[in-house]
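Here is what each chain is made of, one letter per residue.
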Amino acid sequence: MGALGWTAGGLVLGVVLSAATGGLDAGWVGPVVALAAGTGLALLARRSDARPRAWVGVGLGALACAAGAGVSTGAGEDVVMVGTAEVRGVVEELRARGDRADAIVRIDDAQGDVALRRGDRIRVRGRAWTEGTRVEGTFALAATPGFRNPSPHPRWPTVDPVRADARAITASTSREIGLRAWIGAARAHVRSALARTLDEPACGVARALILGDLALGEDDEAAVRGAGLAHVLAVSGMHVTLLIGALVWLIARALSWVPAIAMRAEVARIAAGIGVPLALIYAPLAGGAPSAWRAAITGAIAYALRASGRRSDAVAVTAAAVLVFGVVDPATLARPGFLLSIAATAAILAPIADAEERPLRALVIASVRASLATAPLVIWCFEGLPLTGVIANVIVVPIASAVLLPIAAVHAVIASSAPALATPSAAAMDLVARGFLASCEAFAAFPLGRALPPLDVAQGVALTIACGALLMARSMRARVIVVALGLLVMAGAEARLRAIERPRGVLRATFLDVGQGDGALIDMPDGSLMLVDAGGVVGPGIDPGEAAIAPLLRARRRARIDVAVITHPHPDHYGGLAALMARVELGELWDTGQSEDEVPDGELSTMLATARTRGIPVRRPDVLCARPRAFGAARVRVIWPCPSFDPGWDANENSFVIEIAIGARRLLLAGDAEQHSEGALARSGLLSRVDVLKVAHHGSRTSSTAPFLDVLRPRVAVVSAGRGNTFGHPHADVVERLEASAEHVVRTDRDGGVIVTTDGGAIEVRTWSGRTIRLE
């Protein structure tokens, strides 16, 4: 691999590290330094090609320079956009999924109570504005959905350039003049033509292949993913390479039939020159996915070299495309789709012996190499790699490339330009689309290797090293040794992870970022697990149990919740319960009883009835208040509402208030208690000073009253509130009272999830944001 390859790899590594340690700025200084360093080192290497040691030095130097430049892109400021703004901008992208669509608007000017700047992007929900549309209006902005919880399996760093979710209050649109507007109109026209001429599921397949829309039904999409063939329906580098390559070949053939041109010029070079703008236009026309742009820029560089009469080295051209991306948009280099495209391309471009004499063998080897190169990232980001996917790729991908993609492209052209002639191509598209989906269903029926538990960092590193070693191994004996050692290391890491995530002899309380609501996982000293509330109100279509709590349980290897507590019947506290009941075993449920007594046909009452039919005991305050429960060295005491809820008060005032004690340390979880219940408890003599307080009602001004805090005087106060919530939680007056009463205040809206660990003596507090507090 030449110096440009080392430089590109180093830049990608540096950008990913920068994203993982706090996000990315749009700065271009680091990538430009990397590009200059790589170019200089590449020129130096041309003079040192006779000395292998010099090549190693050049490569390592390029890697180090580029990695440092990538890291220097720096962490972008995490500003939560909440409020209302008058916005003028242009639709940069339309993200379509099924019948829903969101417009990504690039800001030209904004006025209001949020810190939007020129060039920022917002996602306008439910508006199918085409690319290039000018937009002006009033928008309500909210934080983009997402959960930030410390986990053995950290999520891949988010590099989506969208700064906020938006809802249009008033909006007017007009068409922009220019290439972007033309591309947007063309995409809308093709989308409409496909919808008119094709029935489902062929229309969904064609939209995915040609436009990059996520247009398949849920069952079909699940089958494609289950077969490991999702990349076939994503507008990827393969699509761009095949379609633009076919167009360039057709142009060359057509020019060869014109004697006046063929006799005076080399038609292949002319066609290659035409291929440069074609590649750069097709990428945005196909949706502008990072992998499509990577292939388009790679193709444009390769065609430009061919047009100038120069030979192109595949690795050098790919590396140059990566460096171009690093200058134009550094964040792209950290996106999984882009990295998968680069890894697969590098694996496929590696030379294969006897490829021309034994093409089928070469195809199998290339597919296996691509699977190995992309396996670490696929398993990390998507938590599964179907072993049948290797076979499916070998069988289906060549057929899809040779049949499905060309038919979809031909039909899109005919349906868009001459719909009256589209009947034959529509029939062919329907036939091949149904055949493709049927093959996906068949492969998905053998889910070997899927639904893997999420890896921790040690396992991810071990898997990456093992896959790299397998790619470099030259003998079967070496491959067997690599596999054996890899399995041994992975098994050891798995045993270590399971021991760590079922801590013994200590109490570990994890206060989760579940949006605007409450959720806490309490690991007891005897190894049992308690859940206190199940998530909050996040956004349409987002289930906090499924999206926040269940993934963390899987990462921690916990398949059973021994006690699930719903502090009171409000959806920001029981929101994820149904999803959890479907995914993990529940030992028992604690409930105040107010929901079933007052709203017997309500959502929570229905879930409790379902629990009873499954044999899960549901316990009420009359039982729970009778005596504390022991979980090893920890004691759990329900102190409100006792002996039962008061029908004269609302659900917040009847919320469970629970004390957990271990040794000399005490934690108090106050649910959504308000002034009445806090006052009664402050006067009751049941409370005394606590070490950790889960603040009542997300920091609402109706809670955390001065008499209540005067009794508790917590050392650490934990506020569970959603980022940029519209309720104003925690309220400024409450924050002031908490800071006056507690030594430390941590907030899930700012700090992310919070882990409190104690053995009854020292207390350690760690947050997702990296904040650490130690109390002796």
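These numbers were taken from a predicted model, which means no experiment stands behind them. (Residues numbered from 1 in each chain as written. Predicted model: local features only at pLDDT ≥ 70, side-chain atom pairs only at ≥ 80, totals over all residues. Heavy atoms only, no water.)

K.L.:
Quick one: what's the story with the overall build of the chain, residue by residue and with numbers?
P.N.:
What the chain contains, in helices and strands, is 27 helices and 21 strands. Expressed as a percentage of the 776 residues in the chain, the buried residues total 51%. Contacts in the chain between residues at least 24 apart in sequence constitute 69% of all its contacts with a sequence separation of at least 6. By element, 61% of the accessible surface of the chain is carried by carbon and sulfur atoms, the whole surface being about 34,600 Å². (Helix = DSSP H or I, 4+ residues; strand = E, 2+ residues; numbered from the N terminus. Buried < 20%, exposed > 50% of the residue type's maximum accessible area, 1.4 Å probe, protein only. Contact = heavy atoms within 4.5 Å. Areas by Shrake-Rupley, 256 points an atom, 1.4 Å probe, with all protein chains shown as cover.)

K.L.:
An account of the state of the cysteines is needed here, citing residue identities and associated values.
P.N.:
A covalent bond between the sulfur atoms of two cysteines is what we call a disulfide. In total, this model carries one disulfide according to the counting rule given. Here Cys625 engages in a disulfide with Cys642; their sulfurs sit 2.0 Å apart. Around the S-S axis, the bridge from Cys625 to Cys642 shows a dihedral of about -80 degrees and counts as left-handed. Note that Cys625 is positioned in the loop between helix H23 (621-624) and strand E12 (629-631) and Cys642 in the loop between strand E13 (634-640) and strand E14 (657-662), a separation of 17 residues in sequence. Its relative accessible area of 33% is what places Cys642 among the partly exposed residues. (Disulfide = S-S within 2.5 Å.)

K.L.:
Describe the side chain of Asp749, listing the residues and the values that go with them.
P.N.:
Inspection of the secondary structure puts Asp749 in helix H27 (residues 748-751). Residue classification places Asp749 among the buried residues on the basis of a relative accessible area of 10%. Excluding anything up to four places from it in sequence, Asp749 contacts Arg148, Ala721, Gly722, Arg723, His729 and Pro730.

K.L.:
Describe empty space enclosed by the protein, with residues and values.
P.N.:
Inspection of every chain in the model, using the stated rule, returns two cavities of 30 Å³ or more. Along the walls of the largest cavity sit Phe511, Leu512, Asp518, Gly519, Ala520, Val532, Asp533, Thr567, Leu669, Gly671, Lys694 and Ser720, which together make up its complete lining. Counting only elements with at least two residues in the lining of the largest cavity, the list comes to strand E7 (519-523) and strand E8 (529-534). The class makeup of the residues in the lining of the largest cavity is five nonpolar, four polar and three charged. (1 Å grid on protein atoms, 1.4 Å probe; cavity = no way out; pocket = protein on both sides within 12 Å on 5 of 7 lines; lining within 4 Å. Points joined across faces, edges and corners; volume = space filled by probe spheres on them. Nonpolar A, V, L, I, M, F, W, Y, C, P; charged D, E, K, R; others polar.)

K.L.:
Kindly report on the sheet that holds strand E17 (residues 716-719), identifying the contributing residues and their values.
P.N.:
The mixed open sheet is built from seven strands, whose spatial order is E12-E13-E14-E15-E16-E17-E18. The two strands at the open ends of the sheet, each matched to only one other strand, are E12 and strand E18 (744-747). Here the strands of the sheet are splayed against their neighbours by 20 degrees on average, with no regard to which way each runs. Relative to strand E16 (residues 692-694), strand E15 (residues 665-669) is paired through three bridges, and the arrangement is parallel. (Pairing = 2+ DSSP bridges. Axes fitted to C-alpha atoms, helices over the stretch in contact; angles between N-to-C directions.)

K.L.:
A description of the sheet that holds strand E19 (residues 754-758) should follow, citing residues and the corresponding values.
P.N.:
Across the sheet, nine strands lie side by side as E11-E10-E9-E8-E7-E6-E19-E20-E21; this open sheet has mixed pairing. Strands at the two margins of the open sheet, each flanked by one partner only, are strand E11 (618-619) and strand E21 (772-775). Sitting on the sheet, helix H22 (residues 603-613) touches strand E9 (560-566), strand E10 (585-591) and E11, and the angle it makes with E10 is about 135 degrees.

K.L.:
Quick rundown of the nonpolar core? Include the residues and the values.
P.N.:
Among the nonpolar cores identified, the biggest contains 50 residues, and Val205, Leu229, Met429 and Phe436 are the most heavily contacted of them. Of all the secondary structure elements, the ones that give two or more residues to this core are helix H4 (179-197), helix H5 (202-211), helix H6 (218-226), helix H7 (237-256), helix H9 (267-285), helix H10 (290-307), helix H14 (388-417) and helix H15 (423-444). Phe436 has contacts with Val224, Leu229, Val232, Leu233, Val396 and Leu404, leaving out every residue within four places of it along the chain. Counting 32 residues, the second-largest nonpolar core is a separate cluster that includes Ile522, Trp590, Phe631 and Val718. (Core = buried A, V, L, I, M, F, W, Y, C linked by side-chain atoms within 4.5 Å.)

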